[in-house]
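Structure at a glance
For reference, the chains in residue letters:
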Protein chains: 2
Amino acid sequence: MTSIDCPYCKPVGEKVLWQGRTSRVTTANEPGYPYWCRVVWNAHVKEFSDLDRDDREALMNVVAALEQALIAELAPAKINFATLGTQVPHLHFHIIPRFTDDPAYPAPVWNLPVSGLLKAPCTAAIERVAKRLTDSLGTV
Amino acid sequence: MTSIDCPYCKPVGEKVLWQGRTSRVTTANEPGYPYWCRVVWNAHVKEFSDLDRDDREALMNVVAALEQALIAELAPAKINFATLGTQVPHLHFHIIPRFTDDPAYPAPVWNLPVSGLLKAPCTAAIERVAKRLTDSLGTV
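Each chain carries its own residue numbering, running from 1 in the direction its sequence is written. For this description, chains carry letters from A and ligands carry numbers from 1, given in the order in which they are written. In keeping with the model being predicted, local features are shown solely for residues with a pLDDT of at least 70 and side-chain atom pairs are shown and tallied solely at 80 or more, while totals for entire chains, interfaces and linings include all residues. The side-chain figures draw on all heavy atoms in the structure; neither hydrogens nor water molecules are used.

Residue and element names in this part refer to chain B. Between buried and exposed lies partly exposed: a residue is buried under 20% and exposed over 50% of the maximum accessible area for its type, with that area taken using a 1.4 Å probe on protein chains only. Helix and strand labels come from DSSP, where a helix needs a run of H or I of at least four residues and a strand needs a run of E of at least two; each type is numbered from the N terminus. Within strand 5 (residues 92-98), seven of the seven residues are buried, which leaves the element mostly enclosed by the surrounding structure. The two faces of strand 5 match: H92, H94, I96 and R98 on one face and F93, I95 and P97 on the other face are all buried. For two strands to be treated as a pair, DSSP must find no fewer than two bridges joining them. Pairing analysis gives four bridges linking strand 3 (residues 37-41) to strand 5, with the strands arranged antiparallel. Paired with V39 across the two strands is F93, which belongs to strand 5. Looking at chain direction, strand 4 (residues 78-83) and strand 5 are connected through five bridges and run antiparallel. Paired with F81 across the two strands is I95, which belongs to strand 5.

Listed below in structure tokens is the structure:
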């Protein structure tokens, strides 16, 4: 996959919570996990370690800020995060607040059916998470 | 779970590839994924964002060095990494080199049965990964 056909290079309908110069935070719209977010590196880079040290630090600073914003607003039991990219090799992190009543808890979220009521995220909570990101990271 | 009953505070039979002051690299012994490794924060900390910025940078420098060592020695199709900790809330990263013939490729590795021949890691390759870690990170 090149940047030509990459869904993170040419996103469609992406809801952006915070936009930075080198990365952005979006909601993931994953059924069963209404507050699952992504931190997407803006450039088409494959591996985390392809970034230099300054860029890695900038990216992980966004990941940590998002963690803290989700914890402050939602009080999850745990935060999970992962960078996989096996199918879409454009560097992005999945940031997943876990709750004791979520579809997979306490197992990892992947490869399990999602059952039960699908909850939409609370719009006001998402807006407060976005405000916390702007407050902590600025608007660069 | 407190540090009293935490398997990362009191590891049994852990194979350490690199030992640092604040973190260590171990093999994970996960069936089907012979080169699955872990980066374990030595202290009993729950969330990545509980670390201060300097500690986060030190930890991610180890993650990046391990990624680069695994790529150099094994040429995987992709690196996956994740910090979950939903069941063992002691900060650790799973670093998983993915191969096109691994049990789940290209899906995430979790919650799928492992079939096929279980391969032991090549001892020489593991030793070369360990040497690369020492070369790049030092012995602190």
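Picking up where we left off.
Glancing now at empty space enclosed by the protein. With a 1 Å grid spanning the protein atoms alone, the term cavity applies to any set of points in which a 1.4 Å probe fits but cannot get out, the term pocket to an open set with protein on both sides within 12 Å along at least five of seven lines, and the term lining residue to any residue with an atom within 4 Å of a point. Grid points are joined across faces, edges and corners, and a volume is the space filled by probe spheres set on the points. All told, the structure shown has two cavities of 30 Å³ or more when counted by the stated rule. Within this model, the largest cavity holds a volume of roughly 100 Å³. Forming the boundary of the largest cavity are R53, R56, E57, M60 and N61 of chain A together with R53, R56, E57, M60 and N61 of chain B. Among the secondary structure elements, those contributing two or more residues to the lining of the largest cavity are helix 1 (53-74) of chain A together with helix 1 (53-74) of chain B. Looking at side-chain class alone, the lining of the largest cavity contains two nonpolar, two polar and six charged residues. In this structure, the second largest cavity encloses a volume near 30 Å³. Three classes are used: nonpolar for Ala, Val, Leu, Ile, Met, Phe, Trp, Tyr, Cys and Pro, charged for Asp, Glu, Lys and Arg, and polar for all others, with Gly counted as polar. Each residue belonging to the lining of the second largest cavity can be placed in one class, and the counts come to six nonpolar, no polar and one charged.

Here we take up the side chain of R98 of chain B. If you trace the backbone, R98 of chain B turns up in strand 5. On the basis of relative accessible area, R98 of chain B is assigned to the buried category, the value being 0%. Any pair of nitrogen or oxygen atoms within 3.5 Å is treated as a polar contact; in protein, a donor-acceptor pairing is required on top of that, and neighbouring residues in sequence qualify only through side-chain atoms on both sides. Separated by 2.7 Å, the side chains of R98 of chain B and D102 of chain B make a polar contact. Contact partners of R98 of chain B, with chain neighbours within four places excluded, come to T86 of chain A together with Y33, P76, A77, K78, N80, A104, Y105, P106, A107, P108 and V109 of chain B. Note on contacts: a residue pair qualifies if any of its non-hydrogen atoms lie within 4.5 Å across the two residues.

As a further point, take the layout of surface pockets. Roughly 340 Å³ of volume is contained in the largest pocket. Forming the walls of the largest pocket are 23 residues, and the residues nearest its centre are E30, L84, H94 and W110 of chain A together with P108 of chain B. Class assignment for the residues of the lining of the largest pocket results in 13 nonpolar, seven polar and three charged.

The next subject is the environment of C37 of chain A. Here C37 of chain A lies in strand 3 (residues 37-41). Each C-alpha atom, one on C37 of chain A and one on L137 of chain A, is 16 Å from the other, the two residues being 100 residues apart in sequence.

Our next topic: the pattern of salt bridges. Any two side chains of opposite charge can pair, given that their charged atoms come close. Take a side-chain nitrogen of Lys or Arg and a carboxyl oxygen of Asp or Glu: if they are within 4 Å of each other, that pair is a salt bridge. Scanning all chains against the criterion turns up 16 salt bridges over all chains. A salt bridge links R128 of chain A to E73 of chain A; the shortest N-O distance between them is 2.7 Å. Residue R128 of chain A is located in helix 2 (residues 123-137), and its partner E73 of chain A is located in helix 1; the two are separated by 55 residues in the primary sequence. Accessibility expressed as a relative area gives 41% for R128 of chain A, which makes it partly exposed. For E47 of chain B, the salt bridge goes to K78 of chain A, with nearest N and O atoms at 2.8 Å. With E47 of chain B in the loop between strand 3 and helix 1 and K78 of chain A in strand 4 (residues 78-83), the pair connects residues from two separate chains. Judged on exposure class, the residue E47 of chain B and its partner K78 of chain A are both buried.

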